[in-house]
Amino acid sequence: MRTHAPIAAHPVARWLILITLAVGIYFFHVFLVPILAALIIAFASWPLYEKLVARCHGKTWLSAGIVTFLVLLLIVVPLVIVVFYTTREIQQWVGWLTSVNRFGAESPVWLTQLPGVGTYLAEWWDETLNHPHAISDLAQMVGLGQLANISRVVITFGGQLFSVLLVLLFMLITLFFVYKDGHTLAQQLDKIGERILPNRWHRVSRVVPTMVSATVTGMVIIAIGEGIVLGIAYRIAGAPAPLTLGVITAFMAMIPGGAPTAMTLVSLYLLGSGHPVAGVGLFAWGAFELFVVDKTIRPKLVGGPAKLPFLPTLFGLVGGVQTMGLVGLFIGPVVMALLVAIWREWLTEEDEAATP
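Residues numbered from 1 in each chain as written. Predicted model: local features only at pLDDT ≥ 70, side-chain atom pairs only at ≥ 80, totals over all residues. Heavy atoms only, no water.

A.B. asks: What am I meant to see in the pattern of salt bridges here?
C.D. replies: Two side chains bearing opposite charge may form a pair once their charged atoms approach each other closely. Applying the stated rule across the entire model yields one salt bridge. One salt bridge in this structure joins Asp-181 and Lys-180, with 3.4 Å as the shortest N-O distance. Judged by its relative accessible area of 29%, Asp-181 is partly exposed. Given a relative accessible area of 32%, Lys-180 falls into the partly exposed group. (Salt bridge = Lys/Arg side-chain N within 4 Å of Asp/Glu carboxyl O. Buried < 20%, exposed > 50% of the residue type's maximum accessible area, 1.4 Å probe, protein only.)

A.B. asks: Help me out: how do you make sense of the nonpolar core in this one?
C.D. replies: In summary, soluble globular proteins display a tendency toward joint burial of nonpolar side chains. Ranked by size, the top nonpolar core spans 27 residues in total, and within it Tyr-49, Val-71, Met-171, Leu-175 and Tyr-179 carry the most contacts. Elements supplying a minimum of two residues to this core: helix 2 (32-55), helix 3 (60-103), helix 7 (150-180), helix 9 (201-237) and helix 14 (328-354). Ranked by the residues each element gives to this core, the list is headed by helix 2, at ten residues. If sequence neighbours within four positions are ignored, Tyr-179 has contacts with Ile-41, Ala-42, Ser-45, Trp-46, Tyr-49, Ala-64, Val-67, Thr-68 and Val-71. Counting 19 residues, the second-largest nonpolar core is a separate cluster that includes Met-219, Ala-223, Tyr-234 and Ala-262. (Core = buried A, V, L, I, M, F, W, Y, C linked by side-chain atoms within 4.5 Å. Helix = DSSP H or I, 4+ residues; strand = E, 2+ residues; numbered from the N terminus. Contact = heavy atoms within 4.5 Å.)

A.B. asks: Please explain the packing of helix 3 against helix 10 (residues 242-253) as it appears in this structure.
C.D. replies: Any two packed helices are characterised by the angle at which their axes cross and by the distance between the axes. Close contact between helix 3 and helix 10 brings their axes to 8 Å; oriented N to C, the two are set at 110 degrees. Between helix 3 and helix 10, the angle falls in the class roughly perpendicular. Considering only the axes of helix 3 and helix 10, their crossing is left-handed. When helix 3 is examined against helix 10, the residues Val-82, Tyr-85, Thr-86, Glu-89, Ile-90 and Trp-93 are found in contact with a partner set consisting of Pro-242, Leu-243, Thr-244, Leu-245, Val-247 and Ile-248. Of the residues that constitute the contact of helix 3 with helix 10, the class distribution is nine nonpolar, two polar and one charged. (Axes fitted to C-alpha atoms, helices over the stretch in contact; angles between N-to-C directions. Parallel < 35°, antiparallel > 145°, perpendicular 65-115°, else oblique. Left-handed = near helix turned anticlockwise from the far one by under 90°. Nonpolar A, V, L, I, M, F, W, Y, C, P; charged D, E, K, R; others polar.)

Given below as structure tokens:
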């Protein structure tokens with residue numbers, strides 16, 4: 001009896017499959033960011049989702065709808081509110097930058113009064129910023145291009161915010177189906193993974209959820225918490241634009257040493273601007289809060305293998321922002337954590353194989 005070879009065995013069919021995959025990636029690469037964001041949230045919250053499925057008597061569609069609504073209520077809505085009020089605070093900064101770029105600006109009094117470095121910084125300010133088109137010249141010098149029209153930057157920023165809202169919408173849609181069909185997708189991925197990495201897939205696939213959950217908990221959630229706590233402290237201390245400074249602190253908190261640096265700079269500003277009690281109080285509170293988080297809370301939430309070195313963390317943040325925009329601040333470190341985990345897993349497997 002004559003048998004026919006599978007279609008994938010024909011060279012032409014293989015090329016057609018590769019071309020189809022390439023065309024699919026080209027057309028759907030714009031959805032990569034919301035898909036990655038949805039997968040990260042699903043990995044981090046999967047244990048809670050499974051408990052909810054048990055309470056809903058196995059109704060995955062109901063559980064997926066409830067968890068997706070909670071993500072919308074607890075993550076997306078607060079994020080939109082923070083972006084709205086941060087944009088209003090940034091408008092004041094943009095107005096000041098426009099004035100400085102047009103007329104120049106003398107060094108502020110508080111800068112001169114900073115202990116130790118005040119005189120040097122004031123001289124640098126007068127030489128660099130106290131002349132027309134100072135911001136444009138400074139941006140050109142550091143390689144950021146010409147900023148002759150700052151309003152264009154604001155419009156671009158507004159367009160990016162709209163893109164972020166679209167990403168959030170597609171992320172929520174994707175997240176619902178990841179929750180609903182997660183077990184089926186996992187089984188299909190295991191079949192494909194076993195064919196691609198027959199000897200390593202089982203170990204690598206079990207490391208991924210752990211690393212994603214640990215990275216989200218240890219970097220993103222703790223960084224957001226530090227930004228909220230220090231943002232409230234900035235407000236109490238009387239720092240300008242406390243919400244924007246809190247957002248900046250949260251972003252910097254994902255880099256080792258970033259949160260203490262941000263808090264110290266704000267404290268120095270308050271100290272130099274004639275508010276020594278507020279500056280010293282903010283520094284004391286920030287140092288205590290960061291010490292408690294780094295020495296007690298973070299080690300309990302994050303295991304040792306999930307801790308990333310400084311350089312991979314920095315590459316994950318910068319690379320994520322350059323390739324994915326604002327969402328990349330959260331996706332970049334997670335992707336870098338996965339790469340480091342796979343690298344460590346392979347090294348461990350090689351060491352075990354070499355051990356007699």
